[in-house]
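# Structural characterization, general
The lines below spell out each chain.
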Amino acid sequence: MAAAQTVAVVEAGARTVSLGDLIGPDFHAMPTELFSSDRFHPPLRGMRARQPPCYPA
C-alpha cells in the first residue's frame with residue numbers, strides 16, 4: 001500500500017517521506033517510551049519524535 005501511495009503522490013508532483021525509515025529505529029530502541037499501552041498508538045513523546053520529518057520539504 002505504501003508503494004502505491006508513493007507512486008500516486010510522485011505522479012501528482014509531490015514528495016513522500018518514509019517515517020518508518022526515519023524514526024523506526026527510535027521506536028524499536030525505546031518502545032515503552034514511544035508507544036502507548038496499546039502498543040500501536042504513540043503517546044505525546046512518540047508524536048513529538050515524528051514531528052521533525054513532517055516539516056515541508
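Our structure's up above, just so we're on the same page.
Throughout what follows, the structure given in this document is the object of discussion. (Residues numbered from 1 in each chain as written. Predicted model: local features only at pLDDT ≥ 70, side-chain atom pairs only at ≥ 80, totals over all residues. Heavy atoms only, no water.)

## Quick word on unusual backbone geometry
Even without glycine at this site, Arg39 takes up a positive phi of about 60 degrees. In this structure, Arg39 sits in the loop between helix H3 (31–34) and helix H4 (44–49). (Helix = DSSP H or I, 4+ residues; strand = E, 2+ residues; numbered from the N terminus.)

## Things to note about the packing of aromatic side chains
Two aromatic rings are characterised by how far apart their centres lie and by the angle between their planes. Summed over all chains, the structure comprises one aromatic pair. Taking 5.0 Å as the distance between ring centres and 70 degrees as the angle between the ring planes, the aromatic pair formed by Phe27 and Phe35 counts as edge-to-face. With relative accessibility at 10%, the residue Phe27 sits in the buried group. For Phe35, a relative accessible area of 23% corresponds to the partly exposed category. (Phe/Tyr/Trp six-rings, centres within 6.5 Å; stacked < 30°, edge-to-face > 60°. Buried < 20%, exposed > 50% of the residue type's maximum accessible area, 1.4 Å probe, protein only.)

The analysis is restricted to geometry; functional conclusions fall outside its scope.
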